[in-house]
Amino acid sequence: MKEEQQQSNYQEVTIDIITSSKNMPEMECRNFFHSIELFQIVEKTPGQRPYMVIARQDGRIKAHLLAMLRRRGSLLPPYLFSQGRVYGEGEYEEGADKQLLFSKMLHAITQKLNLKLCFYIEFSDLSAKMFGYKLFRQQGYIPVQWMEVHNSLHSMPPEDRISEKVAARIRHAIDYGMEVKSVETEEEFADFYRMLRRHLSTKPRRYLPSQKMFSLLKDSDHCSLFITKYKGKAIGACTCMYTNRNAYLWYMAAKTKSHPMLHPATATVWGAITHAYEHQYWHIYFLDVGLPFKKNAHRDFILSFGGKEVGTYRWFRFSLPWLNRIVGYLYRE
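Notes on the structure follow. (Residues numbered from 1 in each chain as written. Predicted model: local features only at pLDDT ≥ 70, side-chain atom pairs only at ≥ 80, totals over all residues. Heavy atoms only, no water.)

**Quick look at the overall build of the protein**
Basically, it comes down to this: Think of it this way: any DSSP run of H or I at least four residues long counts as a helix, any run of E at least two long counts as a strand, and we number them from the N terminus. Residue burial is assigned from relative accessible area. The probe radius is 1.4 Å, only protein chains are included, and a residue is buried under 20% of its type maximum, exposed over 50%, and partly exposed in between. In what follows, a contact means two residues having at least one pair of non-hydrogen atoms within 4.5 Å. Only four residue types enter the charge count: Lys and Arg as positive, Asp and Glu as negative, with His and the chain ends excluded. Each charge is placed at NZ for Lys, CZ for Arg, CG for Asp and CD for Glu.
Looking only at helices and strands, one finds nine helices and 13 strands in the protein. For the C-alpha atoms alone, the extent of the protein along its principal axes is close to 65 × 45 × 45 Å. Here the protein holds 333 residues, and 54% of them are scored as buried. The contacts of the protein with a sequence gap of at least 6 include a subset with a gap of at least 24, amounting to 68%. In the protein, which carries 46 positive and 34 negative side-chain charges, the distance between the mean positions of the two groups comes to 9 Å.

This is the structure:
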């Protein structure tokens, strides 16, 4: 297949967009969210297509960024569209001009996804709140205030950070025989995915990848799938990604309504935290606790494990100019 390419000669920066692992050049990948391994996983996942944006100077690869095009649809409520998704600003060679390279890669991937009739593009989890602010604005992206929760794991044990209320719930879970473990068998994997699907099926903004993607992630050293069991039945599930000595809680579900006295969500999150601590990760990041409303029950729940709030931006760009203007007006600063 002929490779899709976009080029910029400004300061000898050349941008290539790779769409097939057959054409992927050799390069160093330290960040799993922008790695060849994740590219290949997305490539094999139904309903998704990966785009690896590569920036070169003088023939050397100076930076790369992985974007995913997701096909999203549902019968209830009815909708069908495609979404571009990028986690972070990419990976850069030490000493490289990040602002220059990111501006070229951002322009290239924005143009490419527009040609693919992508309804909207979303960037999140940038290394700093103000990273690329001017560059995003120049490309028509809209900043939306967002909230994350970061838990430190390297300065003290997680037991010393949690509230007494959470500690009591954890003791209660242990006393009643709840177990949080890594997904191992096919039956556990089926229960794991069923938990996530039921939890997210009625939430239009939340996206759940195909079961195939989780199956591939299960075999990766950069991911763990956890399942919470009570009397042999699944009552909780979550996914953690690992990169750069940090853990990222990505998806989570729990049967809080059917088992309110057991607090399965508490047990599930605690299982992910303790696993990350035991494997000597520096932090665990909860990347989606929602908009920074004054009252947010989910954010308060996550904060009860001893983390701190971190205000950041998520950047959105809609392909329809009039819709982009409306959203920009609604979220104006």
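**Here's the deal with the layout of surface pockets**
For clarity, the cut-off: In this analysis the probe radius is 1.4 Å and the grid spacing 1 Å, with only protein atoms considered; a cavity is a set of points the probe fits into but cannot get out of, a pocket is an open set with protein on both sides within 12 Å along at least five of seven lines, and lining residues have an atom within 4 Å of a point. Grid points are joined across faces, edges and corners, and a volume is the space filled by probe spheres set on the points. Basically, the charged four are Asp, Glu, Lys and Arg, the nonpolar ten are Ala, Val, Leu, Ile, Met, Phe, Trp, Tyr, Cys and Pro, and anything else, Gly included, counts as polar.
In this structure, the second largest pocket encloses a volume near 600 Å³. Looking at the second largest pocket, it is lined by 27 residues, and the ones nearest its centre are N31, D125, L126, S127 and Y248. The set of elements that each furnish at least two residues to the lining of the second largest pocket consists of β5 (91-92), β7 (142-152), β11 (246-254) and β13 (308-318). Take the lining of the second largest pocket: its biggest share by element is three residues, from β13. Residues that form the lining of the second largest pocket fall into these classes: nine nonpolar, eleven polar and seven charged.

**A short note on the pattern of salt bridges**
We apply this condition: Just to be clear on terms, a salt bridge is a Lys or Arg side-chain nitrogen sitting within 4 Å of an Asp or Glu carboxyl oxygen.
Tallied over the full model, the rule gives 15 salt bridges. A salt bridge links E188 to K181; the nearest nitrogen and oxygen atoms lie 2.8 Å apart. Both residues of the pair, E188 and K181, count as buried. Salt bridges linked by common partners bring K181, E184, E188 and K229 together as one network.

**Some details on the packing of aromatic side chains**
To keep things clear, this is the line we draw: For this analysis, a ring pair means two rings from Phe, Tyr or Trp (six-membered ring only for Trp) whose centres lie within 6.5 Å, classed as stacked if their planes differ by under 30 degrees, edge-to-face if by over 60, and tilted for the remaining angles. Whether a charge lies above a ring is judged from NZ of Lys or CZ of Arg, which has to be within 6 Å of the ring centre and within 35 degrees of the ring normal.
Scanning the model with the defined rule gives 29 aromatic pairs in all. Taken together, the ring pairs connect F32, F33, Y87, F189, F192, Y193, F214, Y248, W250, Y251 and Y285 into an aromatic cluster. Above the plane of the ring of Y313 lies K129, whose end atom (NZ or CZ) is 4.9 Å from the centre.

**Remarks on the packing of helix α5 (residues 186-200) against helix α6 (residues 211-218)**
What counts, and what does not: In this description, a line fitted to the C-alpha atoms serves as the axis of each element, helices being fitted only across the stretch in contact, and the angle between N-to-C directions of two axes falls anywhere from 0 to 180 degrees. Oblique is the label for every angle not falling under 35 degrees (roughly parallel), over 145 degrees (roughly antiparallel), or within 65 to 115 degrees (roughly perpendicular). Crossing handedness is read from the near helix: turned anticlockwise from the far helix by less than a right angle, it gives a left-handed crossing, and turned clockwise, a right-handed one.
Direction vectors running N to C along α5 and α6 enclose 130°, while the axes themselves pass 11 Å from each other. With respect to α6, the element α5 is oriented oblique. The hand of the α5/α6 crossing is right-handed. Contacts between α5 and α6 involve F189, F192, Y193 and L196 from the first element and Q211, F214, S215 and K218 from the second. Along the lines of polarity and charge, the residues of the contact of α5 with α6 split into five nonpolar, two polar and one charged.

**A closer look at helix α7 (residues 264-278)**
Given 3.6 residues to a turn, an α-helix orients residues that are three or four positions apart in the same direction. Quick reminder of the rule: By definition here, a helix of n residues has an expected span of 1.5 Å times n minus one.
In a regular helix each residue adds 1.5 Å, so 15 residues correspond to 21 Å; α7 covers 21 Å between its end C-alpha atoms and thus fits that length. Summarising burial for α7: 13 of the 15 residues are buried, a large majority.

**Brief notes about the nonpolar core**
Heads up, the rule is: For our purposes a nonpolar core is just a set of buried Ala, Val, Leu, Ile, Met, Phe, Trp, Tyr and Cys residues, chained together by side-chain atoms within 4.5 Å.
With 39 residues, the main nonpolar core has F192, F214 and L217 as its most contacted residues. Taken together, the elements giving at least two residues each to this core come down to α1 (36-43), β2 (48-57), β3 (60-74), α5, α6, β9 (223-230), β10 (233-243) and β11. Those residues in contact with L217 that lie beyond four places of it in its chain are F32, I41, C223, M241 and W250. Ranked by size, the runner-up nonpolar core spans 30 residues in total, among them A63, L65, Y92 and I121.

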